[in-house]
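These are the residues of each chain, in order.
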Amino acid sequence: MIKIQVALDVIEPDRAVSIAEEAVAGGADWIEAGTPLIKSAGMEIIRKLRETFPDNIILADMKTMDVGAAEVEMAAKSGADVVTILAAAEDVVITQALMSAEKYGARVMVDLISVPDPVTRAKEVEALGVDLVNVHVGIDAQMTGESPIDKLKKLVSETGMEIAVAGGLTPETAHEAVLTGADIVVVGSYIINSDNVRQSAANVRKAVDSNEKITLKKKSAEEEMVEIFNRVSTSNISDAMHRKGAMQGISSKIPGKKIVGKAVTVRSFGGDWAKPVEAIDISGPGDIIVIYNGNRDIAMWGGLATQTAVSRKLEGVVIDGAVRDFDEVQKMNFPVFAANIVPNAGDPKGLGEINVEIVCGNQTVHPGDYIIGDDSGVVVVPKERAYEIARRSEEVWKHEKRLFEEIKNGKTLAGALDLLKWETQK
Ligand SMILES: O=C(CO)[C@H](O)[C@H](O)COP(=O)(O)O
């Protein structure tokens, strides 16, 4: 039977145990103490998992790079059945780990994460006596779109070892991994960041046990990104950007509106509305006009500009400045994010430029950057990092959904996050 290894990549031990209980109830069988959890709780979490799950395989994701024998010994003595050693470690580290594993009744799983040539390295470690490898794309690499399935395809016909696969797996990609030859599917975020862990684990179990081919609708990176940005909030995105990217002093003037699109930038001055309005003519569906006007008391956008933008199916407008004719704008229900609402406007003198670097709400915006706006405000995502930020935002969104469930089920936020333990001592 295909084994499902739930990867407990959380830092709070109590949360880890309760997530594991739900995951096992849903069909997971191997329980991994994730690397962050081990770094947070040490071998205590291995002992706790061993005691709580006497009949399940417990894996310590030590990602050992040195002192193989001692690290395997400490994990095995604490109750681990399997210990991970990095394939990038020296051969001697792996052989030492193997000897310790034999001595203490554990197995070694060699993790091929970040190894440039995983097939060659897998053959090398197999020759050392390893019988279990993990084809693995780490969390940071996943955020750039890397998938473990391609690596698995290259490896599966080259070795007789038992093969685990890890790296952002979902039921669909776990099923694909099994069809490709994986013996163990390692699933972290899809299960542990779910607001229904048991159901998510059951979804993976159903998928890996199913014989029918699940056709994966391959989305382009752009489609996937826009879908994610439409799902997450500007708060999730700001968190994913380490609290960066949020515009200051600019808010939604039409409540309940969400915008996701690419920036058409405009620099104009003192209410001059020529360039902002001309920018509409070179914009289309999905575009967001982002305007620096430098004056928050004279409007350079109003009802007529809005009607033109609606007719050209623009996504919205973001103004570091003022909007007027607000009664008309409201009737058109067009997403307007601005610093101010005033009755007076400037003149169309033509000062300024279109599609240049601007500063809007104290954030630098380049043409083509992604703009996301909602009732919390507006964030700018540099186009070069948009896919990575979208994926990271989705992880923040999933994590918060899970926390909402835990709080609804009786925990406090401070308790769920062990806040007192992690307050910055610096
Ligand atoms: O070891 C890990 C990261 O280094 C994770 O446990 C592994 O990648 C599985 O988690 P996910 O499904 O979220 O990728």
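Each chain carries its own residue numbering, running from 1 in the direction its sequence is written. In keeping with the predicted nature of the model, local features appear solely for residues at pLDDT of at least 70, side-chain atom pairs appear and are counted solely at 80 or more, and the whole-chain, interface and lining totals rest on all residues. With hydrogens and water stripped out, all remaining heavy atoms of the structure feed into the side-chain values.

Trainee: Help me get a handle on helix α1 (residues 13-26), residues and values and all.
Mentor: The way it works is that DSSP assigns letters per residue, a run of H or I at least four long becomes a helix, a run of E at least two long becomes a strand, and they are numbered from the N terminus. To estimate how far a helix should reach, multiply one less than its number of residues by 1.5 Å. Taking 1.5 Å of rise per residue, 14 residues should cover 20 Å, and α1 covers 20 Å from first to last C-alpha, within 8% of that figure. Relative accessible area decides the class of each residue, using a 1.4 Å probe on protein chains only: under 20% of the type maximum gives buried, over 50% gives exposed, and in between gives partly exposed. Residues P13, R15, A16, V17, I19, A20, A23 and G26 constitute the buried set of α1. Immediately beyond the C-terminal end of α1, within one or two residues, lies G27, with a positive phi of roughly 130°.

Trainee: Please give an account of the packing of aromatic side chains that cites residues and values.
Mentor: Centres within 6.5 Å make a pair out of two Phe, Tyr or Trp rings, where for Trp the six-membered ring is used; the pair is then stacked when the planes are under 30 degrees apart, edge-to-face when over 60, and tilted otherwise. Counted under the stated rule, the structure contains one aromatic pair. The interplanar angle of 40° and the centroid separation of 5.9 Å between the aromatic rings of F229 and Y370 together place this pair among those described as tilted. Note that F229 is positioned in helix α12 (residues 221-231) and Y370 in strand β18 (residues 370-374), a separation of 141 residues in sequence. For F229, a relative accessible area of 0% puts it in the buried group.

Trainee: Describe the pattern of salt bridges, and please don't skip the residues or the numbers.
Mentor: Between Lys or Arg on one side and Asp or Glu on the other, a salt bridge is scored when a side-chain nitrogen of the former is within 4 Å of a carboxyl oxygen of the latter. Under the defined criterion, the tally for this structure stands at 35 salt bridges. For K151, the salt bridge identified is with E146, shortest N-O distance 3.2 Å. Of the charged contacts, one joins D325 and R324 as a salt bridge, the two residues approaching to 3.8 Å between their closest N and O atoms. Given a relative accessible area of 28%, R324 falls into the partly exposed group. When salt bridges that share partners are traced, they join E12, R15, E22, R402, E406 and K411 into one network.

Trainee: Quick rundown of the domain arrangement of the protein? Include the residues and the values.
Mentor: Assigned domains of the protein: these are domain 1 (3-218) and domain 2 (224-387). Each domain span listed reflects an automatic or database assignment of domains. The gap between the C-alpha centroids of domain 1 and domain 2 is 45 Å.

Trainee: Mind laying out the UniProt feature "domain: Orotidine 5'-phosphate decarboxylase" (unreviewed entry) in the protein, listing which residues take part and the relevant values?
Mentor: In the numbering used here, UniProt assigns the feature "domain: Orotidine 5'-phosphate decarboxylase" (unreviewed entry) to residues 3-204. Between the end C-alpha atoms of residues 3-204 there is a gap of 10 Å, over a span that is 50% helix and 21% strand. UniProt positions are given in the numbering used here, feature names are shortened, and annotations may be inferred rather than shown by experiment.

Trainee: Outline the pairing of strand β14 (residues 336-341), supporting the account with residue identities and numerical values.
Mentor: In this sheet, β14 lies alongside strand β9 (residues 251-252) in antiparallel orientation, the contact comprising two bridges. Of the residues in β14, the one forming a bridge with S251 is A338. Strand pairing requires that DSSP identify at least two bridges connecting the strands. The pairing of strand β13 (residues 316-323) with β14 spans five bridges and is parallel. When the bridges of β14 are listed, V317 appears paired with V336. Look down the strands so they point away from you; if going from the first strand over the helix to the second traces a clockwise path, that crossover is right-handed. Crossover β13 to β14 through helix α16 (residues 326-332) is right-handed.

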